[in-house]
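Working through the structure, step by step
Single-letter residue listing:
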Amino acid sequence: MHTPNIDALADGGVRFTRVFPEAMPTVPTRRSIMTGRRVFPFHDWQPWVGLGTTPGWEPIEPGTPTLATELGDRGYRTACVTDNPFLGFSWTYRPFRRSFDRFIPVPGQIPRGRPDGIGVREARRLIPRNRWDELRHVEDMRQYLAANGGRDGEIREAETATGRTFAAAQWVARKMLTQRPFLLVVDGFDPHEPWAVPSRYLDLYREPGDETLPMGDIGYTPKDELTPDELRRVRMTYSATLSMVDNQVGMLLDSLEHLGLAESTVVMLVSDHGFHLGERDWIGKSAWRLTPELTQVPLIVRDPDGRGAGTASDWFANTHDLAPTLLSLSGARPSSAFQGADLSPIADGGVPDEHRPITYGGYSNHSFVRSDRWAMVTNNRRTGAMLFDLERDPGERDDISKRRPGVVADLYRQMVEHVGSEPPFYSQDDLVRKPRAVPSGW
């Protein structure tokens, strides 16, 4: 994939090669990142109004210490710009939004309203053939294109939710962040589906003369439900969208340079989860397929003094490590509110204080455990598992859980010892019960 700006960021910082979010997907990961605390396992969970009906989808409640509040208490100005439809617009995340000095929600990822100028035929061309007859999917695609710069068969980058998010971040940097120490969180939803991407990024992945159409949206589905051409379009569009994000990242970094902030600003880049693009016979996310395509994410930390520039670390980093690491790199005093490890010693060739022989986490009713030798996935009822020997099978293709049940049991035991109890399993009735309403006063 063409990501020259992210590649340059990695060349100037420390790249972590074994990063596995301890809680997934969208909302659980952001809770982990912003609170610096473990979210998995998802004990005592119940649905909340306006959030997904998946264990771990909960608000950051009023008064919860976060990276923003801890730095705010230490004299920092704090800002967040996001097109994430949950953090930016759900009523349950109103207290979190109000904890920043400036919070800018950017609409467009879940659009509503009239899809003026976008025809049914244009929308149908951008979804798989097996969805053509479902009016809901066609109308959703029309609305998404209308809200993300789609006109006359082309997408205008500045009008996409991604373009508007990063433009707002540059505006915040110019207007707010040049007088005091600052925290700026830029939370972009792309390359999450649906997709709307200009042709110039699609052309990076086409052969000359190739006019293959992009894909606009899909359902999470077995790979075999797409034609080979549709699968190629999904991969091309995902790659092109990531290249568009890379361009926006580059423009934001250029703005920091232009404002004279780059030489005093720590930059951290991370993702919340991955995406199956036909691997494991799957398209999209799946709680059962907790393999690296979904669970391994990038993490880059660039120190303005150049410490550790161009190096890579295979220490088992995790999403709840981000808050204590940024607090440490800012020079601020530590916070007892954070549980994660401070990763900053790695930039000087050291190691964090915490000994972490395994890493673990979960998604819905499933858990994963990884060590140097083994990778294991299990459902939380213990009625099914996958096990891979990373020494003999680094691609994690040969499931040997039936041949090595003792290893499965030992990895699960180690996880339970770290967690303190077995992860819960939620029934279908638990998932669809009446959601909690937002308390008055939020």
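Per chain, residues are indexed from 1 in the order of the written sequence. Totals for whole chains, interfaces and linings use all residues, but because this is a predicted model, local features are given only for residues with pLDDT of at least 70 and pairs of side-chain atoms are given and counted only at 80 or more. As a rule here, side-chain values cover all heavy atoms of the structure and leave hydrogens and water aside.

Formed by 43 residues in total, the largest nonpolar core has its most connected members in Phe16, Met34, Phe96, Phe100 and Leu299. A helix here means a DSSP run of H or I that spans at least four residues, while a strand means a run of E at least two residues long, and both kinds are numbered starting from the N terminus. When contributions to this core are tallied by element, the ones reaching two or more residues are strand S1 (14-16), helix H2 (26-35), helix H3 (67-72), strand S7 (182-187), strand S12 (299-302) and helix H11 (322-329). For this core, the leading source of residues is H11, giving five residues. Dropping the residues within four chain positions of it, phenylalanine 100 is found in contact with Met34, Ala68, Thr78, Ala79, Cys80 and Val185. In this structure, Ile6, Ala10, Ala173 and Leu256 belong to the second largest nonpolar core, which totals 25 residues. Think of a nonpolar core as a cluster: buried Ala, Val, Leu, Ile, Met, Phe, Trp, Tyr and Cys residues, connected wherever their side-chain atoms sit within 4.5 Å. Note on classification: 1.4 Å probe, protein chains only; a residue is buried when its accessible area is under 20% of the maximum for its type, exposed when over 50%, partly exposed between these limits. Here a residue-residue contact requires only that any non-hydrogen atoms of the pair lie within 4.5 Å.

Looking at where arginine 142 falls in the secondary structure, it is placed in helix H6 (residues 135-147). Side chain to side chain, arginine 142 and glutamate 139 meet in a polar contact 3.1 Å long. Identification of polar contacts relies on pairs of N or O atoms within 3.5 Å, with a donor-acceptor requirement for protein atoms, meaning one able to donate a hydrogen and the other able to accept it, and with residues adjacent in sequence counted only if both atoms are side-chain atoms.

Turning our attention to the pairing of strand S14 (residues 359-363). In terms of burial, S14 is largely enclosed, as five of its five residues are buried. The side-chain alternation of S14 yields two buried faces, one formed by Thr359, Gly361 and Tyr363 and the other by Tyr360 and Gly362. Strand pairing is assigned whenever DSSP detects at least two bridges linking the two strands. Sheet topology places strand S2 (residues 23-24) next to S14; two bridges connect them, and they run parallel. When the bridges of S14 are listed, alanine 23 appears paired with glycine 362.

Turning our attention to the packing of aromatic side chains. Centres within 6.5 Å make a pair out of two Phe, Tyr or Trp rings, where for Trp the six-membered ring is used; the pair is then stacked when the planes are under 30 degrees apart, edge-to-face when over 60, and tilted otherwise. Inspection of the entire model under this criterion finds 15 aromatic pairs. For the ring pair tryptophan 45 and tyrosine 426, a centre distance of 5.4 Å and an interplane angle of 80 degrees mean the geometry is edge-to-face. You can see tryptophan 45 sitting in the loop between H2 and H3 and its partner tyrosine 426 sitting in the loop between helix H12 (405-419) and helix H13 (428-432), a full 381 residues away along the chain. A single burial state applies to tryptophan 45 and to tyrosine 426, both of which are buried.

Time to look at the sheet that holds strand S8 (residues 221-222). With respect to topology, three strands assemble into an open sheet ordered S8-S11-S10, the strand pairing being antiparallel. One side of each edge strand has no neighbouring strand; the edge strands of this open sheet are S8 and strand S10 (276-277). In terms of strand pairing, S8 meets strand S11 (residues 282-284) through two bridges, oriented antiparallel. Counted as the bridge partner of threonine 221 is isoleucine 283 from S11.

Of all five residues in strand S17 (residues 385-389), five are buried; the element is thus mostly enclosed. Of the two faces of S17, the one carrying Ala385, Leu387 and Asp389 and the one carrying Met386 and Phe388 are both buried. Counted between consecutive antiparallel strands, the loop separating strand S16 (residues 374-379) from S17 contains five residues, among which arginine 382 sits at a positive phi close to 65 degrees.

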